[in-house]
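Here are the chains, one letter per residue:
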Amino acid sequence: QVQLQQSGPGLVKPSQTLSLTCAISGDSVSSNSAAWNWIRQSPSRGLEWLGRTYYRSKWYNDYAVSVKSRITINPDTSKNQFSLQLNSVTPEDTAVYYCARDRIVAVGAYYYYYMDVWGKGTTVTVSS
Amino acid sequence: QSVLTQPPSASGTPGQRVTISCSGSSSNIGSNIVNWYQQLPGTAPKLLIYSNNQRPSGVPDRFSGSKSGTSASLAISGLQSEDETDYYCAAWDDSLNGRVFGGGTKLTVL
């Protein structure tokens, strides 16, 4: 049974860097059939996908346009986890942050992803 | 403003069948699978339907999904009080090269 355990500070000062970690059990961050996502949720922005990392003979990242200049998602194979770093935060980045696994499903000749396992969420407040 | 459009609210009486719509475009729903999530207050979203109409193990067959063109629907039959919560649709968007969500629908069981 796959589980995702999130950790990181709940309070970050404006202009600083938000850092969260998602530890994986029951699967591997290096899996060739999974991808590892960060999503956030706030009353003003709803559910917002931030990005993902995945391994297909080499590491790849996809990032949301809205945060592309400020975000880094890194895998840590030694600890079987992945992390989120969001730079230059403002109060607009206040949200509940979730990590989630993408699984692959084959539909005909094509492959698609769906997020099936989520972490419990971390409430992050950006305030001085 | 969310890329996928859902009605903000829906309602039904116990035992009734309700549907929740999700409207998108050719770059998301029109060319990718749609997934549905149920979110209880204070908890993470839970996968309800994947690949348009597939139920993960453990999800009751009262929940079903469908997709046609650039729209998708979630149907809940035999409505129960425990179904009263928020529902979200999601899909990959090829133009944005990212995942997009609907704004969510709050289901009320009258």
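Residues numbered from 1 in each chain as written. Chains lettered and ligands numbered in written order. Predicted model: local features only at pLDDT ≥ 70, side-chain atom pairs only at ≥ 80, totals over all residues. Heavy atoms only, no water.

A.B. asks: Describe the overall build of chain A, listing the residues and the values that go with them.
C.D. replies: Looking only at helices and strands, chain A has zero helices and 11 strands in total. Helices and strands appear in chain A in the N-to-C order β-β-β-β-β-β-β-β-β-β-β. Here the C-alpha atoms of chain A give a radius of gyration of 14 Å, agreeing with the 14 Å that 2.2 N^0.38 yields for 128 residues. Taken over the C-alpha atoms alone, chain A extends approximately 50 × 30 × 25 Å along its principal axes. Here chain A holds 128 residues, and the buried ones make up 48% of them. In chain A, of all internal contacts separated by at least 6 residues, the share reaching a separation of at least 24 is 54%. Of the roughly 6,200 Å² of accessible surface on chain A, 47% is carried by carbon and sulfur atoms. Here chain A contributes 12 positive and 8 negative side-chain charges, whose respective centroids are spaced 2 Å apart. (Helix = DSSP H or I, 4+ residues; strand = E, 2+ residues; numbered from the N terminus. Rg over C-alpha atoms; globule rule 2.2 N^0.38 Å. Buried < 20%, exposed > 50% of the residue type's maximum accessible area, 1.4 Å probe, protein only. Contact = heavy atoms within 4.5 Å. Areas by Shrake-Rupley, 256 points an atom, 1.4 Å probe, with all protein chains shown as cover. Lys, Arg positive; Asp, Glu negative; His and termini not counted. Charge placed at Lys NZ, Arg CZ, Asp CG, Glu CD.)

A.B. asks: Break down the sheet that holds strand 7 (residues 71–76) of chain A for me, citing the residues and quoting the values.
C.D. replies: Residue and element names in this part refer to chain A. The sheet built from four strands is open, its strands ordered 1-3-8-7 with antiparallel pairing. Two strands close off the open sheet at either side, each with one partner strand: strand 1 (3–7) and strand 7. Across the sheet, the mean angle from the axis of one strand to that of its neighbour is 20 degrees, orientation sign disregarded. Sheet analysis places strand 3 (residues 18–25) next to strand 8 (residues 81–86), joined by six bridges and oriented antiparallel. Counterpart to L18 in the pairing with strand 8 is L86. (Pairing = 2+ DSSP bridges. Axes fitted to C-alpha atoms, helices over the stretch in contact; angles between N-to-C directions.)

A.B. asks: Mind laying out the interface of chain B and chain A, listing which residues take part and the relevant values?
C.D. replies: At the junction of the two partners, chain B supplies 19 residues and chain A supplies 21 residues. A combined buried area of about 1,700 Å² lies between chain B and chain A, and 62% of that area is made up of carbon and sulfur atoms. The largest contributions to the chain B side of the interface with chain A come from I33, R99 and F101 of chain B, which together make up 34% of the buried area. On inspection of chain B and its partner chain A, the count reaches one salt bridge. For the interface between chain B and chain A, the tally reads seven residue pairs in polar contact (both at pLDDT 80 or more). Grouping the amino acids of the side of chain B that touches chain A by side-chain chemistry returns 10 nonpolar, eight polar and one charged. (Buried area = accessible area lost by both parts, 1.4 Å probe. Salt bridge = Lys/Arg side-chain N within 4 Å of Asp/Glu carboxyl O. Polar contact = N/O pair within 3.5 Å; in protein donor to acceptor, adjacent residues only side chain to side chain. Nonpolar A, V, L, I, M, F, W, Y, C, P; charged D, E, K, R; others polar.)

A.B. asks: Explain the environment of E48 of chain A to me, and be specific about the residues and the numbers.
C.D. replies: If you trace the backbone, E48 of chain A turns up in strand 5 (residues 46–55). In sequence terms E48 of chain A and W36 of chain A are 12 residues apart; their C-alpha atoms lie 15 Å from each other. Sequence-distant contacts of E48 of chain A, that is, excluding residues within four places in its chain, are made with I39, R40 and S66 of chain A together with F101 of chain B. Looking at E48 of chain A, its side chain comes within polar contact range of the side chain of R40 of chain A, at 2.7 Å.

A.B. asks: Outline the pairing of strand 8 (residues 98–101) of chain B, listing residues and values.
C.D. replies: In this sheet, strand 8 of chain B lies alongside strand 7 (residues 86–93) of chain B in antiparallel orientation, the contact comprising four bridges. Its bridge partner being in strand 8 of chain B, D93 of chain B is matched across the sheet by G98 of chain B.

A.B. asks: Tell me what's going on with the state of the cysteines, and back it up with residues and numbers.
C.D. replies: Considering all chains together, one arrives at two disulfides over all chains under this definition. Paired through a disulfide, C22 of chain A and C99 of chain A show a sulfur-sulfur distance of 2.1 Å. An S-S torsion of about 65 degrees defines the bridge between C22 of chain A and C99 of chain A as right-handed. Taken as a pair, C22 of chain A in strand 3 and C99 of chain A in strand 9 (residues 95–107) lie far apart in primary sequence, 77 residues in all. Bridging C22 of chain B to C89 of chain B, the disulfide has an S-S length of 2.0 Å. Because the torsion about its S-S bond is 75 degrees, the bridge between C22 of chain B and C89 of chain B counts as right-handed. One end of the pair, C22 of chain B, is in strand 2 (residues 18–23); the other, C89 of chain B, is in strand 7, with 67 residues separating them in the sequence. (Disulfide = S-S within 2.5 Å.)

A.B. asks: With reference to specific residues and values, describe the nonpolar core.
C.D. replies: Residues L18, W38, F82, L84, Y97 and W118 of chain A are the most contacted members of the largest nonpolar core, which totals 46 residues. Broken down by element, the residue count for this core peaks at six residues, all from strand 9 of chain A. (Core = buried A, V, L, I, M, F, W, Y, C linked by side-chain atoms within 4.5 Å.)

A.B. asks: Account for the layout of surface pockets, with residues named and values stated.
C.D. replies: In this model, the largest pocket occupies a volume close to 460 Å³. In terms of lining residues, the largest pocket is bounded by 23 residues, among which L47 and E48 of chain A together with Q1, S2 and V3 of chain B are the most central. Elements represented by at least two residues in the lining of the largest pocket include exactly strand 5 of chain A together with strand 8 of chain B. A per-class count over the lining of the largest pocket returns 10 nonpolar, 10 polar and three charged. In this structure, the second largest pocket spans a volume of roughly 360 Å³. V2, V117, W118, G119 and K120 of chain A are, among the 14 residues lining the second largest pocket, the residues nearest its centre. For the lining of the second largest pocket, the secondary structure elements donating two or more residues are strand 1 and strand 10 (110–118) of chain A together with strand 4 (46–49) of chain B. Looking at side-chain class alone, the lining of the second largest pocket contains seven nonpolar, four polar and three charged residues. (1 Å grid on protein atoms, 1.4 Å probe; cavity = no way out; pocket = protein on both sides within 12 Å on 5 of 7 lines; lining within 4 Å. Points joined across faces, edges and corners; volume = space filled by probe spheres on them.)

Read these as geometric descriptors, not functional statements.
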